[in-house]
Amino acid sequence: MNAVAAVRAALVLGGAAAAGYGGWHLWPQLPTAWTWLIAGPILHDAVVAPAVGVAGLLLGRLVTDPARRAWAATGLATSAILALIAVPLLWRPQPAPINPGLHDRDYGLGLLLAVIAALIGAAIGAASVSWTDRPKPTAPSTRQPPEQGQ
Amino acid sequence: MRLRPPRPEDFHSPAHTPAVTARLGLWLGVAFTVCFLTGLASHAAQHPPGWFTWPTRPISLYRITQSAHVLSGVAAIPLLLAKLWSVYPRLFIRPPLRPPARLLSHAAERLSILVLLCAAFFELASGLFNAAQSYPWRFFFVETHYAVGWIAAGALAVHIGVKLSRTGTGLAERPDPRRRAILRIAWLSTGAVVLATAGATVPWLSRVSVLAWRSPGGPQGLPVNRTAAAAGIRVPAHWSLTIAWPGGTAQLTLDELAALRQRTATLPIACVEGWSASANWTGVPIAALLTAAGAPTGRALRVSSLEPAGLYATSLLPARHAADPLTLLALRVNGQTLSPDHGYPCRIIAPSRPGVLQTKWVTRLEVLP
């Protein structure tokens, strides 16, 4: 058995043991926790990933330049992630009493400002594309020939 | 146009290439590893097994480990989503129907990934809600987050074991500009969410981090995690501190406590939810207090609060923390008498401890045998 095979076997066996230990601890909580456990992959595979795909297709139609499209995608992805991590701050179904100095910001306004900042940043990135990433019209190829005589 | 389920070859984005997948996987693996190890550390600090004592130095140790825990979890959210987008076409691979051994290994791999994803999403979502102190579920958070953390770490180790050579190949491949642009989206959005939340524990970011759980406000310059009203605290008119030890007791009034030699120490409150704040605390070192009362030192203490019930109405101060000269029974914070929400008449403040164990409204110290 070579070293790589030994490492792989250790990872698989050790990982299975750790997961088993966790499962044994989880067992008493499973009746109340299983919906939260299964919700992640379902929401991701059926909602989030298809939405990303559709957004990507639409973006491909709207912005044809690949470098600018990447910056537009950066702005959209960052805005979406910021909105996602703001969910527990904005949606509080069983609110604990708000304590002074904790969770007492205006998170709606905060999210708006963060999204605006992300979009401005992405717009600056897209604008900078025209004078940095543009291939120079005179250069026939960006590839350098391999250096000789090293 | 006829609709049909997508096939892996329908996806053309440069995101779905081994060079991108391997790099995102590596970053995500680092974030998960930091998160898991610091999570174990926090669990050990709060529920120490018999052979373990959490160190008292550096004084910010728990602040650092728990900030790393929460922020690595926040960073893992965009990294996980980017990684999954990168491998999303593989979801549509048709299972090989024969030979049965191949079908079996395909099913085993799918099952291990399902376990990993259930656990990973659960840990990130439940941790994020816990940081916001919102609990829209019926399971017990501490026990479940701990258990699923082990499942996530174990399933991740299995996944790395299975994919090791593939990751190596992907990392060896140099990403072209279009693939680098995809990676840039991942690390810029990761940076954005860390920046938007890190002010909960990094003071100079508190005004930048618009989505941080801690705001710069709070009485006496410190946030309050549990108010005196929420804990049902009523300080008796003739409050006094009881110190009990095997074979003796002592009572000290607030004036008597204030007449003892005071010490001021700058110590952080570092909460399990990932926020932290430093303050100047003034009070009597626990070791000096016990000596003045004639009680034995060098042993663990049970600290009782005026709080009538609840998980954190009492706490155990380990012998190492009780003996530390910086562990105070604090009467003042930032130059003022403790406000009711910060634990008036007195509270425990010890270096490098989870905030929930820094018991407020102390009424009794019991030296354990």
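Residues numbered from 1 in each chain as written. Chains lettered and ligands numbered in written order. Predicted model: local features only at pLDDT ≥ 70, side-chain atom pairs only at ≥ 80, totals over all residues.

Q: Teacher, can you tell me more about the nonpolar core here?
A: Nonpolar side chains in soluble globular proteins tend to end up buried together. Ranked by size, the top nonpolar core spans 129 residues in total, and within it L82 of chain A together with A76, A119, I151, A152 and L211 of chain B carry the most contacts. Shared between two domains, this core takes at least three residues from each, and those domains are domain 1 (8-205) and domain 2 (219-367) of chain B. Excluding anything up to four places from it in sequence, A152 of chain B contacts F32, L116, A119, A120 and E123 of chain B. (Core = buried A, V, L, I, M, F, W, Y, C linked by C-beta atoms within 7 Å. Buried ≥ 20, exposed ≤ 12 C-beta atoms within 10 Å, placed from the backbone. Domains from an automatic or database assignment. Contact = placed C-beta atoms within 7 Å.)

Q: Which parts of the structure should I look at to understand the UniProt feature "transmembrane region" (unreviewed entry) in chain B?
A: All names here are of chain B. Taking the numbering used here, the UniProt-annotated feature "transmembrane region" (unreviewed entry) corresponds to residues 20-41, 61-82, 111-132, 144-164 and 185-205. The span residues 20-41 shows a helical share of 100% and a strand share of 0%, and its end C-alpha atoms are spaced 32 Å apart. As annotated, residues 61-82 has a helix share of 100% and a strand share of 0%, and its two end C-alpha atoms lie 32 Å apart. (UniProt positions renumbered as here; feature names shortened; annotations may be inferred. Helix = DSSP H or I, 4+ residues; strand = E, 2+ residues; numbered from the N terminus.)

Q: Explain the domain arrangement of chain B here, please?
A: Often, the extent of an interface is quoted as the loss of accessible area on bringing the components together. Residues and elements named next belong to chain B. Domain boundaries assigned for chain B yield domain 1 (8-205) and domain 2 (219-367). The C-alpha centroid of domain 2 is placed 38 Å from the C-alpha centroid of domain 1. Of the residues lining the interface, 23 residues belong to domain 1; the matching set on domain 2 comes to 18 residues. Going through the elements one at a time, α1 (18-46), α2 (61-87) and α3 (100-131) are the ones with two or more residues in the side of domain 1 that touches domain 2. Among the elements that make up the side of domain 1 that touches domain 2, the one with the highest residue count is α2 (7 residues). Residues of the side of domain 1 that touches domain 2, tallied by class, amount to 10 nonpolar, 11 polar and 2 charged. (Nonpolar A, V, L, I, M, F, W, Y, C, P; charged D, E, K, R; others polar.)

Q: Is there a simple way to think about the interface of chain B and chain A in this case?
A: Opposite the 72 residues of chain B that make contact, chain A presents 60 residues. Contributing elements (two or more residues each) for the side of chain B that touches chain A: α2, α3, α4 (141-172) and α5 (177-197) of chain B. Across the side of chain B that touches chain A, the residue classes tally to 51 nonpolar, 15 polar and 6 charged.

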